[in-house]
Amino acid sequence: MSLPPRAYPRVIIVGGGLGGLMLAILLDKMGVPYHIFERAPKVKPLGALMSLNGNILALFDQLGMLEDIMKVSLVSLNSSLYTEKLEKITEIDVRSHYEYTGYKFLMFPRPDLFTILLNRIPPDRISFGKRVLLTKRQSSGVQIVCSDNTCYEGDIIVGADGAYSAVRHNMFREMREQQEQEVLYSGGSSIVIPPSDTKDFEIPYLCMVGVTKSMDPDKYPVLRHPNTQLHHIIGESTPYSVKDQAEAKEQRFMNSEWGPEANEKLIEIVHDFPVTFGGKLGEIIDSTPKNGISKVMLEEKLFETWYHGSIVLIGDGAMSAMQDAVILANCIYDLENLRPESLTAAFRDYKEQRYTHAKRQIFNSRLNAKLSSGQTRTERLVRHVVLNLLPRSIQNKQFSKDAAYRPQCTFLPRVPDKGTISSLPQKPSRRYQAELRAAAAAAASVDETRRDSKLDLYCASSMRSDACLVPKRG
């Protein structure tokens, strides 16, 4: 059985965050050439606590990277919510996730995950200090232009450069230009940018994050606990809990990426905030390297436009961005060729497979934010009902529904389900299935040839034996 030749697009990945790095690892697995262009001049150990669960750990398991994550992680069994007076509101148990998926909730510093992924990328496949300003169509593909006046060509540009994506900005510019040309020459246009995509992000939460140096367990006995102790303190009518819309608008573009700038004011505000582990928040901040503290905007928006021409986008964030990466990689593996219609079909398939799940993830994220941090009377009431009065069976039903989405690579052997909840079926890879059939047919052919060879040897041997038994005449 002969297979049509594989398409090997040259992939330009703009952005060296978690989503971009995961996509690079997957492209490397399938032998597709790629290069990452990251605007930061060097790796920065920024970020805070992160959590991964079965929704993405199944992929790490499939890639042989689960042990790497386990080495830097502690297991989380529950999280506790407190008032600003350190009175416990409730405790959220997440142990059922292990039963459902076969993977525990793992928590670790974000920089550790970044390091694990980056170590899988050959140094010559990533360039730092490359801020992409412009994307261009070329006769032989697409091109990016960086702020240092360097240019690079490829067949596909993947925008993995965050909420304020330069790639998205250029894609929209290209769509508008094409729209104007169609209107000018034909009176109508097939290119439409949904109005919601051009609107600003919702007013974000302002957040300061960081990872401390090693702390003294005699001062903080909780550090001796074998599992992660996650405590969430909800402020009430305090500077730490107000969503400052004016500041958010002012800081939106200044602090929309990880960076240690502009922290002093916020540190001063929260310095004397009491913490459940003992002491003041300022003591923990003082134990954190200054270049490891960053002030960021936590923004969420689901765009309707995911691709155009040779440009395709993956989301921001951690788990959702990596899930985008695996589905996009699956679709690239099935590319028939590099013609525009094939690229469009692959990108459309990617969006169709991911959109519903991405929408649900954003809904859940917003709901969780309101439950854990909401300040209005309604939000407090909803928090009390959901966390204290809602039957556990209903919570588990919702939890099990979310746990079922555990995407993996469809071009690699799949890791079998480990939990009691079956993972949602994925669209199989046409090419990988054909490759398996071809391999099976080739193996069967080899076996048949071997059987024929053994039969020939047997017959020859039998003939020699019979000849030896013929009586000798004398």
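Residue numbers here run from 1 along each chain, matching the order of that chain's written sequence. Per-residue local features of the predicted model are confined to residues with pLDDT of at least 70, and side-chain atom pairs are confined, for both listing and counting, to 80 or more; whole-chain, interface and lining totals are unaffected and use all residues. By convention in this description, side-chain values take in all heavy atoms of the structure and omit both hydrogens and water.

**Observations concerning the pairing of strand 9 (residues 141-146)**
Of all six residues that make up strand 9, six are buried, and the element is covered over most of its length. The criterion for strand pairing is that DSSP finds at least two bridges linking the strands in question. A run of DSSP states H or I qualifies as a helix once it reaches four residues; a run of E qualifies as a strand once it reaches two. Both are numbered from the N-terminal end. Note that strand 8 (residues 132-138) and strand 9 share six bridges and pair antiparallel. Bridge pairing in strand 9 links L134 to V145. Taking the residues that link successive antiparallel strands as the turn, the strand 8-strand 9 hairpin has two residues. Of the strand pairs in this sheet, strand 9 and strand 10 (residues 151-154) are connected by four bridges, and their pairing is antiparallel. Note on classification: 1.4 Å probe, protein chains only; a residue is buried when its accessible area is under 20% of the maximum for its type, exposed when over 50%, partly exposed between these limits.

**A word on the pattern of salt bridges**
Any carboxyl oxygen of Asp or Glu within 4 Å of a side-chain nitrogen of Lys or Arg constitutes a salt bridge here. Evaluated as defined, the whole model comprises 15 salt bridges. R95 is the salt-bridge partner of D93, the closest N and O atoms lying 2.7 Å from each other. Residue class for D93 comes out partly exposed when judged on its relative accessible area of 22%. As a salt-bridge pair, D218 and R224 come within 2.4 Å of each other at their nearest N and O atoms. With relative accessibility at 58%, the residue D218 sits in the exposed group.

**Some details on the packing of aromatic side chains**
Here a pair means two rings of Phe, Tyr or Trp (six-membered ring of Trp) with centres within 6.5 Å. Their orientation is stacked below 30 degrees between planes, edge-to-face above 60, and tilted elsewhere. Tallied over the entire structure, the rule returns seven aromatic pairs. Plain terms: the ring middles of Y100 and F399 are 6.2 Å apart, the flat faces sit at 75° to each other, and that makes the pair edge-to-face. Here the residue Y100 occupies a position in helix 4 (residues 96-101), and F399 occupies one in helix 14 (residues 392-403), the gap between them amounting to 299 residues. Across the pair, exposure class does not vary: Y100 and F399 are buried alike. Judged by centre distance (4.9 Å) and plane angle (15°), the ring pair of Y333 and F411 falls under stacked. Here F411 lies in the loop between helix 14 and helix 15 (430-469) and Y333 lies in helix 11 (residues 319-333), a separation of 78 residues in the sequence. On the accessibility criterion, F411 (5% relative accessible area) is buried.

**Side note on the sheet that holds strand 11 (residues 156-159)**
Where strands meet in a sheet, backbone hydrogen bonds hold them as pairs that are either parallel or antiparallel. Strand order in the open sheet made by the six strands is 7-2-1-11-16-15, with mixed pairing throughout. The sheet is open, and its two borders are formed by strand 7 (126-128) and strand 15 (307-308), each paired with just one other strand. As judged from the four bridges shared by strand 1 (residues 11-14) and strand 2 (residues 34-38), these two strands associate in the parallel manner. Note on strand 2: the bridge partner recorded for V11 is Y34.

**Concerning the confidence of the model for the protein**
Model confidence for the protein is summarised by a mean pLDDT of 85, while 88% of its residues fall at 70 or above. Per residue, pLDDT captures the predictor's confidence, and it can take any value from 0 to 100. Here, residues are in contact when the closest pair of their heavy atoms is within 4.5 Å. Within the model, the stretch residues 252-259 combines pLDDT values under 50 with 29 contacts to residues more than four positions away or in other chains. Residue range residues 462-474 is modelled with pLDDT below 50. Its contacts to residues more than four positions away, or to other chains, number zero contacts.

**A word on the sheet that holds strand 9**
Spatially, 8-9-10 is the arrangement adopted by the three strands of the open sheet, whose pairing is antiparallel. Of all strands in the sheet, those with a lone pairing partner are strand 8 and strand 10, marking the two edges. The average angle at which neighbouring strand axes cross in this sheet is 20°, direction not considered. To obtain each axis, a line is fitted to C-alpha atoms, and for helices this fit is confined to the stretch in contact; angles are then taken between N-to-C directions over 0 to 180 degrees.

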